[in-house]
Structures are given as C-alpha cells and as structure tokens.
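So you can see what is in the structure, the chains are spelled out below.
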Protein chains: 4
Amino acid sequence: MLRLQLDESVTFYTDVLGLIETGRDDQGRVYFKTWDERDHNSVIIREADSAGLDFYGFKVLDRATLDQLESDLNAYGVATERMPAGDLLETGERVRFRIPTGHIIELYAEKTDVGGTLPYVNPEAWSPEAEHGIAPIRMDHILLYGPDIDGAHAIFRDVLGFYLVEHIVQDDQSDLAIWLSCSNKAHDIAFVRHAEPGRLHHVAFLLESWEKVLRAADLMSMNRVAIDIGPTRHGVTRGTTIYAFDPSGNRFETYCGGYQPYPDWKPTKWTMEEVGAGIFYHDRKLNEAFLSVVT
Amino acid sequence: MLRLQLDESVTFYTDVLGLIETGRDDQGRVYFKTWDERDHNSVIIREADSAGLDFYGFKVLDRATLDQLESDLNAYGVATERMPAGDLLETGERVRFRIPTGHIIELYAEKTDVGGTLPYVNPEAWSPEAEHGIAPIRMDHILLYGPDIDGAHAIFRDVLGFYLVEHIVQDDQSDLAIWLSCSNKAHDIAFVRHAEPGRLHHVAFLLESWEKVLRAADLMSMNRVAIDIGPTRHGVTRGTTIYAFDPSGNRFETYCGGYQPYPDWKPTKWTMEEVGAGIFYHDRKLNEAFLSVVT
Amino acid sequence: MLRLQLDESVTFYTDVLGLIETGRDDQGRVYFKTWDERDHNSVIIREADSAGLDFYGFKVLDRATLDQLESDLNAYGVATERMPAGDLLETGERVRFRIPTGHIIELYAEKTDVGGTLPYVNPEAWSPEAEHGIAPIRMDHILLYGPDIDGAHAIFRDVLGFYLVEHIVQDDQSDLAIWLSCSNKAHDIAFVRHAEPGRLHHVAFLLESWEKVLRAADLMSMNRVAIDIGPTRHGVTRGTTIYAFDPSGNRFETYCGGYQPYPDWKPTKWTMEEVGAGIFYHDRKLNEAFLSVVT
Amino acid sequence: MLRLQLDESVTFYTDVLGLIETGRDDQGRVYFKTWDERDHNSVIIREADSAGLDFYGFKVLDRATLDQLESDLNAYGVATERMPAGDLLETGERVRFRIPTGHIIELYAEKTDVGGTLPYVNPEAWSPEAEHGIAPIRMDHILLYGPDIDGAHAIFRDVLGFYLVEHIVQDDQSDLAIWLSCSNKAHDIAFVRHAEPGRLHHVAFLLESWEKVLRAADLMSMNRVAIDIGPTRHGVTRGTTIYAFDPSGNRFETYCGGYQPYPDWKPTKWTMEEVGAGIFYHDRKLNEAFLSVVT
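Quick caveat: nothing in here was measured; it's all calculated off a predicted structure. (Residues numbered from 1 in each chain as written. Chains lettered and ligands numbered in written order. Predicted model: local features only at pLDDT ≥ 70, side-chain atom pairs only at ≥ 80, totals over all residues. Heavy atoms only, no water.)

Thoughts on the overall build of chain A
Part 1: From N to C terminus, chain A includes 6 helices and 18 strands.
Part 2: Its C-alpha radius of gyration of 18 Å places chain A within 12% of the 19 Å reference for a compact globule of 295 residues.
Part 3: The principal-axis extent of the C-alpha atoms belonging to chain A is close to 50 × 45 × 45 Å.
Part 4: Residues counted as buried form 65% of the 295 residues belonging to chain A.
Part 5: A separation of at least 24 residues holds for 63% of the contacts in chain A among residues at least 6 apart in sequence.
Part 6: Accessible surface computed for chain A: about 10200 Å², of which carbon and sulfur atoms make up 50%.
Part 7: Computing the positive centroid from 28 side-chain charges and the negative centroid from 47, chain A places the two 2 Å apart. (Helix = DSSP H or I, 4+ residues; strand = E, 2+ residues; numbered from the N terminus. Rg over C-alpha atoms; globule rule 2.2 N^0.38 Å. Buried < 20%, exposed > 50% of the residue type's maximum accessible area, 1.4 Å probe, protein only. Contact = heavy atoms within 4.5 Å. Areas by Shrake-Rupley, 256 points an atom, 1.4 Å probe, with all protein chains shown as cover. Lys, Arg positive; Asp, Glu negative; His and termini not counted. Charge placed at Lys NZ, Arg CZ, Asp CG, Glu CD.)

Written as structure tokens, this is what we have:
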C-alpha cells in the first residue's frame, strides 16, 4: 500500500501505468490490479503527506498455511498481529509483522478471484486492456531499504521459505543487497542495507518483452513521467528495466525478463568492484538518483 | 532420454539446437545441457532402432524429499524402482515408476552443478554460447501421449504436488489434454489422451523472446530442419512456438513466453469448439502432422 | 483501389487493419490512410460484385515530372489517359495507362497533405492511433499476377526508373517473378507470370517490427480473419510476413523489414530449385492457397 | 575515413563492432565493410595523433552523374579536386570538396562490388557473420559539427539533391541542426551548428531491431566500451540508439529504425523548448557528454 497524492495518482495509475481500478473503501483507499491479475487487487494507494510504503503483502496457499506461518513466525520471535477480514476490500484475514529493516510485511490466504480481463474458458491471447497505458502483466516485486537486512533475510529464509538468488557482498563479507525468491521468479523481494529504516526504493511491474519496455519509455515521455534511468539492463537477474517516479515521488520499475531460478541454485554473488554492472549492466556505474532517492 | 540415430543427432543437438555436450557414458549415451543450465545434463540421447522417449525425470529438492515422494507413491499404489547413483553420469539415485499413460517417470535429488557458461561471481548478461545454434535457455517441458491421462493426472496432482493449469475438455466432460505445473512455469508436463501408450509428442526448449523464435526458425531453415508448424502462438499458455523434428523424427518445440501461474489459480478450460485456437492460436485449426505424428 | 463488399469492409479496414477513413465521394468510394501517412489517402475501396483491383497509383515528384513521364510513356508506345483532378478526393490530375500484364497503373503529382496523426512541430514518437487495430505504418507495395511480366518490367525499368531487386528465374531463363523498386524499399511493385491478366495477389502494409507482426497475427485471430500463411519470413527481401484475406477475399500482407537496396545493386536471383525458400523461407515450400488464390 | 589508434581500433572495429576487414593499403589505411554491404569498403581508418574525420564520401549512380555533379558544384562556386582512381583500394576516381562547415566531402561512382556475405543466388536470410560482434547492417549516416551549416545545407539541397527531413530551429529562426536525406532513409547526413569547423559528432551504424540494440549494449558492456547514452530513442527520426566511443574517442552510434521519408514531405521542426525530447526522447533532456564531446 503506497502513500500518495490521490487524484493525480489515480489518473497516473490508471491511464499511464495502465492498472485497472477495482474499488475504493470507506477510508478512501483506492485498489488496483493489472489487466492479467486475477485477484481483486495488487496495489492500494491512499492519500498521505509524504510518499512511501505502508506495508507489503504476500498471498499464501490457504488458511492452514497462514496459521502455520504465523505460528512459525512467533516461534522465531517475530510478533504478529491479525488484521480482520474485510479491512481491505475482498481480502481475508491478514497476519502482519514488522521485520528488522523496519518494514511491515503481511501474509494473507484469501483474496477474491475477480478474474483477469480474459475469460477462464477459451480465452484470446490478450485483451484490449493490455494496450491501455503501460499495462504490466503483474505487480512483480519490491525493493526495500533499511538497516538490518540480515535480520530480514533470516526471517524470509528460515521461516517463510524464500531463498537467496543474488547478493552484493561488501569487502567485509556482509551483504549490501539481497534478492530473495519464494517462486521461480528472479526475485519476489529485495533489500538494500541503508541507515534509515522502512524505506521504499521501488515497486516493480512486469512487462512481457524488451519492445514493451521501449513502449513504456515512450509512454512515460508522452506523459512527462520523470525517468530515473533506462531503458537498460540489470546485471543482477539480467532483467531489462526502466526506473521512473509516480506523481508523489515513489519510484516504480517496469521490469522485463530475468532468469527463472530454482531453490537448489547457488546464489550469484556481486563484489563491490562490479556493483555498478550488477545494478546497471550497460553503463556499469550507478547513477546519483538511484542511490539517493528513497521514500 | 531420447532414442536416436546417434552421430547425426549429436551434430544436430550441438550445432543446430545449440546444446553443449557434457559427457558420454560407457553405454554410449550422450549427455547435453543448455548454455544456461547449471546441472550436468538435461537431455540424454542413445542409439536406437526407433525414435521415442525412454523416460523423463524431475529433480526434487533433496534426498529427504525423494524418500518421502517414493513412500507417497508406494502408498498411492504406484510401484517404484531405484536406479543406482552413477548409472547416469553425475547423477544420484533415481526413483523410477510407470504412470498409467505408459511412460516411465523418474525423480532424483542429486545432479552435479557443473555451472552454466556464466560464472557465479560478477557474471555478464550472457555468454557467446548463447548464440551458438538455437541455444535455448533450458529444456522446458514435455508433452506425452497415452491412454489413461486421468490416472497420470491423479498421480502428478495428488502425490507429486503438480496443479492443473489448462485443459481441453471433451463434450463428455473428460479431459482430452492437460497441462500441469509444479512451479510458476506455464507447464512442466502435459498429456494428450491417445490410444497407444508411452508416446512422445514433443520435448520443448525455452527461448527468450519472439525475436529468438524467428532466429530459431531461420536457423532451422538454414540447416534444413523439417518444421512441423510455426512460428506461431499457442492459445494454451499464450506461448509462442515452433514445432520441428530432430534427425530421428522426434518432434521438439522451441517455446517462448507463456504466463506464469500460481497453484491457487483456477484452470483455464478449452472446449472442443475452440481446440484449434487452443493449440494454434493464429490459424485456429490443427494441422495434420501435429495430430498424427508421435514417436 | 480495391473492389469489395462495402460495409463489412469499412469495418475491417478501420477496426481490424486499423486504417483511418478520410472521406467518401459521391460514387460511394471510401478513402483510407494509415496513422502515419500524410497524404489524404493511400487505399480506396468501392462496392463491387467481385474482388480485385481497379488500379494502382504512384505519386511523382511534381507536375513537370508527371508531364515528362507521360511523354516518355507515349514515346515508348504506351497509350495514356488523363483522369481529371478531383475525380478522386484531394487528388490532382492522374495519368492512367494499361501495362502488358493487364493492370491499370496511374501516376499523379498532387494529393493533399492532410498530415499524419503526429504534428509537424515537436511530435511525439507515435500516437494512440498507432495501436488501433493492426495499424500499419504505410501501404507498402503490391504484387500483381498477369501474363506478360517482361513487358511490364520493361516499362517500369526503361520509362519509370524502377530497378530490379530480386527475381525468380525459370529453367528457360525467363522470369517467373520480379520485384521492382523506385526507392530504397525492397520493392514498390512485384509481378508473377500468370495466364490470366489483371489479377491481384496482394496489397502489403508495412509493420515496424517482428513483434508487431505477432500482434497483427493475434488481432487477426481475435477478429477471425482468415490467415493464408504466417507469421513467417520471405527468402525474397528477407521480410517477415503474414498473408491473410479481407472480408471480400482480397489477400493482404502485413510485412516487416526487408533490406534497403540501391539502384546500383546486382539483383538477387532465385532458381526454381529454391523457389519455395524464396517465397516462404522457413517452410521452404509453397502452400496451396498462395499459389491458387488471386482476385 | 576516421583517424585512430590503429591496432586497438582494428580489434575494436572487427571484434566488437563486428565489421569485416577487407584490406590495407600501402599508406597503412585499414578498410572495413559490414557483413551485408556489397561494396569493398564503407569505413576506413588510419593511424593519427588525434581522433576525428578526414572525409566522408557518397557513391553516385555512375560516372556521368559524377561529372555532372562536379560541374554543378563548380557552377555553384564550390571548388573541387579529383582524387585518382586506386588511391583508395577498389575505388574509382573521387571528386573532393570542402563545405562551409569545414568538412571534406567526396563523391565517387565506382567501388568494387565484392559481395556481401550472402550469395546473389538463393541466399539464406542472414549469415553467421551477422552475429559476430555488434554486426550492423550498414554504415548509415554521419553527424558533423561546424559553423556555417546553412552553407552546407545549401550545397546539399541545391546541388546534390538532398532534402531537409527534420531541423531544430532556434528562437531567431536559424537552424541549430539539420537532418538531410538523398534517399528514403531518415537521414544520410546531419549537421549541428558549432563554433569549431570540421568536427565529427558521430558515425552511425544501422541495426535491424530494438532487440539488436539491446544486444549491442550488452556487447558494449561485455567489451567495456564507454557508452555515452542509451539504449534510448531519438525524437528526431524516432530512431532508437546507443551512442558510445571507439578506443580513440570517436563517437559512434548504433541506430535502428526511424521512418522512411520522401522528398515531397514537409520537414519536421523542433523548437528550442523541446530540443531535449528531439535528441533524447525518453529523458527529454540532453546529457553533458552529448553536447561537449566532438572529435
């Protein structure tokens, strides 16, 4: 759930990014999904004085899994809180907890399948909504900045079943950044070590092809969206990318590709000499905005 | 493991398909992997009088999982056999069983990580081998033909943890074809109902982009590879595709895209009226070779 | 100017092919242009009992060039006729003549520049119309069937300044097919030797990329357009292609790429052994519909 | 002809840019062509203390055209000099003249057709050389910096038959930059107004697709080529692009796309408010290196 200037943001998220608004609740929160996502919502925004992230949630397989994971978290020493079903539209009970980077993470088992824009019987390959705005396939992952990324790593790995896909290792052998997956996606969540807790670097949306990345950059230009960097490629995950900012200054990424890892894979390691190439493969150096702007 | 005319096939699999030969054993079997696969082998061929498939194997997480799955299979009434470690090069013990479509499936927990063509530290985005021949990313999935696909479906779903992603449903509500995944891939294995047991329709190799599909078609033409159909798109999975034949007449697919499903997704259903569009989305009709040629 | 069933065709040409209707005249002719073409029209259709082509026109640089070319045609023994300015909407006087393949060709110097969908000052890279239907860049070329293609070749080469880019040469050294250019396009017009005079094989529309070719095939499927063949590649010109039929049975092509030749280039020759690869590079053989259906 | 550090540059032009060396002359000049160019050479380099351009040449249709253009140039007040046939390998007599921006331009009618890497009879769609290094289709155009671009414009327009495709117009209505074509290419030569005469901004090489632009960027990274900017898109011509530097500091461009104009087209105009978007469409602002580095 992102904090934003609301009206301008709704226009941006629907017409420029090309999400579909699926509802508003009595707290004024606005819910969105992509044209291809089936559950009721994947992105929620609310009015706020400053940009940033309220929480980030993962769907688990079923209620039994939710209960088990909560119990595992508690056993691991992580305090949890239950958010009631219906607090978010079309969403069941949520288990909420704070991780050592200062971020709030949530788990939930139930969200209404309202369907994508294609039917479940004899669908076409895509629907007209796939060309309304940037129109990503799905909300893909998030990159968070905070101090104790080792503590966050431990919880995701030891309790929640994520595995390390790539990491940037500092000269003292501590991780500067970690990319974690609980699927065959190159990453479901990532962390960068940073003094301030609870910061958001970006939310990423998946595009289908490098040509769709070009189209996204074109649409950003047409709509005067401030691009941070891109189109380019990451060394980490090999994914292609554009970073840009929503009207409230939250960075978002339109991401494409990346390999599909398995849990038995040995992580890929980046050393500090090549951190530039790891982040931006073509330039092989970091840009200033990428380093300094978090919300 | 595919049955083949050996010499011509080795040339085909290395220079045209662009796999990397990783070894030969004392039975004359030849082992291959793609440029990006890390384990020692994903495709094995042997000399034979007729084309076809000996068995298809899945790697499981670890030895404990292998033992558990074997026990689960036996409890489910599926007889298993252990193939000794080392029978296949760089491969641990395998649990082998026959499924009701007549095919032999194997599970194993250990295969030597010999590394891809990129290092685990500070890799480039790809290596020169990614342009040698068609050079797929990975062996992706298999489509098998046989009589009792419901029995096969039950084992994969109830014992092995696969879920149904798409199916073609006949007018009597029985499945004509099923696509099953144990990951976020659109399918890891698929079955079509067919009178003869144990038949292979195709082995699929993953390409990165629609432009790589064009390149694959170009290379097939340059090398006088017999194309069955394509480049085109499937309705099922939305993936783009070419079907063609190896020198022994085994059909292979160069496949790209497809969406990335989750286990909680409702399966997509195709009715017999639109089965043509399900298989070949552009023509919306099946071609003769697709239907009749299996090995 | 194409002969068609009108209402269904207007819908097809606007919503499926994605042309823009720019006018109708008092004879009921309907005028279209692409989103990126600047002159008032490039495709005109009229109601008729049978499909086919009335004439095909080329714009020349100015009135002086028009007069000179008419004089050159007459000197070459080609009778010409002047069609008055205004007979076609927003179009100046036209010089009309019949070529030995039985087709009517026209030249004109003036057609109103109504502008593309982008302004002439500070344009964006593309406009929303570039995503309405297949939305080609331009009407690109035409392929005509008729008996005396050598006679047509001579007029285009000796009088009109075209040059031969590729040809298929029969065993008796006569041309079976010729591709001619008066620009840096791989072809502006092409002819195939055929017993019946005045036949149309296809009108081609230019797409920007192989991915747009895929998109065109998807849109054809969604709109139940009958595809003849494709997506595939031609050996001749290397262009990628789909052939399909409009509602009246006129074949059209969505074409992409092809190299950019110069007048000093030596023509590329195809022999009868490889004519299949010349036409359809991937399959290396002709399909039945391609050979037999002309309008 | 570019001035360079020779050994390192030969390696760069062959293995990284992927040109083919076609010869060396007794002055030590090294000749290159692309895999798809047919004439003996399109790029020549020589050892020099400083980077930059010696001259840029255009091939004309035949000797009669060469003589006529020389006569026209002289009549226009441009002094010419004949360089003898054979001074450059496989190249006929050249007409050389200096334009008001301080650059030397040459015309020639004859250069040996040594053939591309594909035969003139029954060619494949591409050859293995198309994947050796960046492997552009052709040397495409050049951008020159110098003071009197109006004078250069006049010669190219009034004598040589070029037409203005796009221009950036300053507030005093003078041109800051002009893009000129003598073909259906978006530009064959371009000029930017600049205090110092005779400067080179970049030489451009044509790529086939946006995906080849990504591949070029990847290869630049792998070979530690210094990228100035890109992959991105130009507003001017809509082409996609990367600017980078050869080992001697000469900027080169890997360019793709752009529309195909005709001589009767109204030029596209950019005002100073949008010059950023005209040059770099995505960022809508110029970068420092682009502005300041010329050789």
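Moving on, there is more to tell.
Quick notes on the domain arrangement of chain A
Residues and elements named next belong to chain A.
Part 1: In terms of domain boundaries, chain A breaks down into domain 1 (2-129) and domain 2 (135-292).
Part 2: Using C-alpha coordinates to define each centre, domain 1 is positioned 20 Å away from domain 2.
Part 3: Of the residues lining the interface, 37 residues belong to domain 1; the matching set on domain 2 comes to 39 residues.
Part 4: Regarding the contact of domain 1 and domain 2, the summed buried area is about 3100 Å², with carbon and sulfur atoms giving 74% of it.
Part 5: Linking domain 1 with domain 2 are 0 salt bridges.
Part 6: Of all the secondary structure elements, the ones that give two or more residues to the side of domain 1 that touches domain 2 are β1 (2-4), α1 (6-16), β5 (52-53), β6 (56-59), α2 (63-75) and β9 (104-108). (Domains from an automatic or database assignment. Buried area = accessible area lost by both parts, 1.4 Å probe. Salt bridge = Lys/Arg side-chain N within 4 Å of Asp/Glu carboxyl O.)

Examining the environment of Asn122(B)
Part 1: Relative to the helices and strands, Asn122(B) resides in the loop between β9 (104-108) and β10 (138-146).
Part 2: Not counting the four nearest positions on each side in its chain, Asn122(B) is found in contact with Lys269(A), Trp270(A), Thr271(A) and Glu274(A).
Part 3: There is a polar contact of 2.9 Å between the side chain of Asn122(B) and the side chain of Thr271(A). (Polar contact = N/O pair within 3.5 Å; in protein donor to acceptor, adjacent residues only side chain to side chain.)

Thoughts on the confidence of the model for chain A
Caution is warranted with low-pLDDT regions, since their predicted coordinates should not be read in detail.
Part 1: Across chain A, pLDDT averages 96, with 99% of residues at or above 70.
Part 2: Complex prediction metrics read pTM 0.97 and ipTM 0.96. (pLDDT = per-residue confidence, 0-100.)

A look at helix α4 (residues 210-222) of chain A
Residue and element names in this part refer to chain A.
Part 1: For α4, built from 13 residues, the straight-helix expectation of 18 Å at 1.5 Å per residue is met to within 8% by its first-to-last C-alpha distance of 18 Å.
Part 2: Summarising burial for α4: 10 of the 13 residues are buried, a large majority.
Part 3: All of the buried residues along α4 are Trp210, Val213, Leu214, Arg215, Ala216, Ala217, Asp218, Leu219, Met220 and Ser221. (Expected span 1.5 Å × (residues − 1).)

What to know about the pattern of salt bridges
Part 1: In total, this model carries 105 salt bridges over all chains according to the counting rule given.
Part 2: Notably, a salt bridge pairs Lys59(C) with Asp264(D), separated by 2.6 Å at the nearest N-O pair. Residue Lys59(C) is found in strand β6 (residues 56-59), and its partner Asp264(D) is found in the loop between β17 (251-256) and β18 (268-271); the two belong to separate chains.
Part 3: Relative accessible area serves as the criterion here: at 29%, Lys59(C) is assigned to the partly exposed category.
Part 4: The structure contains a network of salt bridges with shared partners spanning Asp25(A), Arg29(A), Asp87(A), Arg94(A), Arg96(A) and Glu106(A).

As for the packing of α4(A) against helix α4 (residues 210-222) of chain D
Part 1: It is at 9 Å that the axes of α4(A) and α4(D) come closest, and there the two elements cross at 95 degrees. For the element pair α4(A) / α4(D), the angle class is roughly perpendicular. In contact with Trp210(A), Glu211(A) and Leu214(A) of α4(A), α4(D) contributes Trp210(D), Glu211(D) and Leu214(D).
Part 2: Across the contact of α4(A) with α4(D), the residue classes break down as 4 nonpolar, no polar and 2 charged. (Axes fitted to C-alpha atoms, helices over the stretch in contact; angles between N-to-C directions. Parallel < 35°, antiparallel > 145°, perpendicular 65-115°, else oblique. Nonpolar A, V, L, I, M, F, W, Y, C, P; charged D, E, K, R; others polar.)

Here we look at the interface of chain B and chain A
Part 1: With 37 residues of chain B at the interface, the matching set in chain A holds 37 residues.
Part 2: Of the roughly 3300 Å² buried where chain B meets chain A, counting both sides, 44% is carbon and sulfur surface.
Part 3: The tally of links between chain B and chain A comes to 6 salt bridges.
Part 4: On the surface where chain B and chain A come into contact, there are 22 residue pairs in polar contact (both at pLDDT 80 or more).
Part 5: Among the elements that make up the side of chain B that touches chain A, the one with the highest residue count is strand β18 (residues 268-271) of chain B (4 residues).
Part 6: Looking at side-chain class alone, the side of chain B that touches chain A contains 15 nonpolar, 6 polar and 16 charged residues.

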